[in-house]
Amino acid sequence: MDNTQEPKLKIRARKLSFFYEGGHQALFDNDLDIPERQITAVIGPSGCGKSTHLRTYNRIYSLHRGQRAEGEVLLDGENILDPKTDLLTLRRRVGMIFQKPTPFPMSVFDNVAYPLRLHFRLSHKEIAERVEAALQGASLWDEVKDQLRKSGLALSGGQQQRLCIARAIAAEPEVLLMDEPTSAIDPVATLKIEDLVLRLRERFTIVIVTHNMQQAARISDRTAFFYKGRIVEVGPTKQIFTAPKEKKTEEYITGRFG
Amino acid sequence: MRDRFTFEIESLKQRLLDLATAADRALVRAIRAVDGASPDEARAVITADSAIDAEEVTIEEECLKLMALYQPVAGDLRLIVTILKVNGELERVADLASNIAARAIDMAAAPAPAECRFDFAPIVERAHKMLRGALDAFVCHRPDQARAIILEDDAVDALNAACYAAARERLPQHPAQAGYLLDCVTISHCVERIADIATNICEDVIYLEEGQIVRHQKRLAQ
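(A) Representation of the overall build of chain A in the model. Looking only at helices and strands, one finds ten helices and ten strands in chain A. Computed over C-alpha atoms, the radius of gyration of chain A comes to 18 Å, within 12% of the 18 Å expected from 2.2 N^0.38 for 258 residues, which places it in the range of a compact globule. Its C-alpha atoms give chain A principal-axis dimensions of about 55 × 45 × 40 Å. Counting across all 258 residues of chain A, residues that qualify as buried make up 52%. Relative to all contacts within chain A whose residues are 6 or more apart in sequence, the contacts with residues 24 or more apart total 68%.

Below is the structure:
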């Protein structure tokens, strides 16, 4: 008897196209479902549009002039590409971790407290509690609890990335977008981040863009393969890495191009 | 990196095919030893088995090395897994050929009267054809051929059952030939196992080509 239930879809991209300034089209009618509290990996060669696709989920592209998305990105059924969408709320709901760790030039404590002060009205005590919880959640607390006033920039690369994750989860987002979060850090720190991502899966919906196919295979539930702005194949990670249906996917993941 | 991997995997495939040739040769010689009552031929099969065992271990080590060094996925992963499995199956074919050869030595030492003898040609020809066809399907990427071969296994099972029934029938009339008749049953069973191995290889070929595990499907469907 099959008791498995289809997970709820947190994000649904429908006919999503994207244009850079000057009209260059980077995405072509992408349809992609992101199940809730699962890890979806997005893979593909450089320039295939995987990061561009990710950046539409919290509309971070709108910080740049002349970039526009067409189609729909439905977050819990609501199209976040609608101009009326409140971007501050959207970015609290959909947090983002970048390739290069980006701590703010302030203390470890203030880095994590920053989104709390921005989005919520909390007492000092509540902020302190939530900062600790976020640092615990990002597996960083034990390493920094005695140096909370130290600059975030003074931490190691791997610690800085976990600080950024702590900052992102402090705002209690529903979705975490990760754009190659381990490409700038060493292998041991990478494994720590991967363990962390697997733990965060219980609380958040995670979409991770990665160049590291072993990483996608290790940590994700589903994998989408992008090529030249189009989604070639999407499916359970186990199937994509053992028996992909599309020849192009096979060629990419076995290193025949890319 | 890709070129190096391609070179290594092609070398590994060639080694597996050489092993297949050695296992096939062991089977042919073992059956010839039975038919020709030739203990020398039989002893040569048994002696050659240790080289096949050693080669099987070497191929397995190569597979493990490639998996550790290249972390293959998709078709590459399925190919290495298939080589690993077919490698073990071929070593079993050679073991069964050795078992047949051992029976051939016994039988040559105490020949039986003509009315007790068996004609192994029908079961051997079918099983041998299945084995060669399975290896051919592997080399030529032919899952359709593999599926057709799997269907032939029932006929070999029936021939083996017929051999067992005939031995039971002859035993009361020729109690002094009990040892000989048991040897015949053992040979028939070994040949039937070789057909099973051909079936296993065919299932591996389907997995390799289509990514679909078809083992046990018949039993599960019953």
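Additional details are given in the paragraphs that follow.
(B) Inspection of the sheet that holds strand β2 (residues 25-35) of chain A at higher detail. Residues and elements named next belong to chain A. With antiparallel pairing, four strands are arranged side by side in an open sheet as β2-β1-β4-β5. Two strands bound the open sheet, and with one partner strand each, they are β2 and β5 (78-79). Examined bridge by bridge, strand β1 (residues 9-19) and β2 share seven bridges and lie antiparallel to one another. From the neighbouring strand, Phe 19 faces β2, where its bridge partner is Gln 25.

(C) Expanded view of the environment of Glu 209 of chain B. Here Glu 209 of chain B shows up in helix α7 (residues 178-210). Sequence-distant contacts of Glu 209 of chain B, defined by excluding residues within four places in its chain, comprise Arg 78, His 141 and Pro 143 of chain B.

(D) Representation of the interface of chain B and chain A. Each partner contributes to the interface: chain B provides nine residues, whereas chain A provides ten residues. Together, the buried faces of chain B and chain A total about 800 Å²; carbon and sulfur atoms form 50% of this surface. The largest per-residue losses of area from chain B upon contact with chain A belong to Arg 2, Val 73 and Ala 74 of chain B, which jointly make up 55% of the total buried on that side. Along the contact surface separating chain B from chain A lie one salt bridge. The shortest N-O distance in the salt bridge between Arg 256 of chain A and Asp 76 of chain B comes to 3.6 Å. When residues in the side of chain B that touches chain A are grouped by element, the largest group, five residues, is from helix α3 (residues 74-109) of chain B. Each residue belonging to the side of chain B that touches chain A can be placed in one class, and the counts come to three nonpolar, three polar and three charged.

(E) Focus on the packing of aromatic side chains. Residues and elements named next belong to chain A. This model, assessed by the stated rule, comprises nine aromatic pairs over all chains. Considering the side-chain rings of Phe 104 and Tyr 114, the 5.0 Å spacing of their centres and the 65 degrees angle between planes classify their relative orientation as edge-to-face. Pair noted here: Phe 104 is in the loop between β6 (94-97) and α3 (108-119) and Tyr 114 is in helix α3, with a separation of ten residues, a long-range link. Judged by its relative accessible area of 27%, Phe 104 falls in the partly exposed class. Take Tyr 114: its relative accessible area is 39%, and that puts it in the partly exposed class. Summarising the aromatic geometry, the rings of Phe 225 and Tyr 227 are spaced 6.4 Å apart at their centres and angled 25 degrees between planes, so their arrangement reads as stacked. Look at Tyr 227 and you get partly exposed, because its relative accessible area is 22%. An aromatic cluster is present here, built from Phe 225, Tyr 227, Tyr 252 and Phe 257 joined pairwise through their rings. Taking the ring centre of Phe 28 as reference, the NZ or CZ of Arg 230 above it sits at 4.2 Å.

How each quantity is defined
Residues numbered from 1 in each chain as written. Chains lettered and ligands numbered in written order. Predicted model: local features only at pLDDT ≥ 70, side-chain atom pairs only at ≥ 80, totals over all residues. Heavy atoms only, no water. Helix = DSSP H or I, 4+ residues; strand = E, 2+ residues; numbered from the N terminus. Rg over C-alpha atoms; globule rule 2.2 N^0.38 Å. Buried < 20%, exposed > 50% of the residue type's maximum accessible area, 1.4 Å probe, protein only. Contact = heavy atoms within 4.5 Å. Pairing = 2+ DSSP bridges. Buried area = accessible area lost by both parts, 1.4 Å probe. Salt bridge = Lys/Arg side-chain N within 4 Å of Asp/Glu carboxyl O. Nonpolar A, V, L, I, M, F, W, Y, C, P; charged D, E, K, R; others polar. Phe/Tyr/Trp six-rings, centres within 6.5 Å; stacked < 30°, edge-to-face > 60°. Lys NZ or Arg CZ within 6 Å of the ring centre and 35° of its normal.

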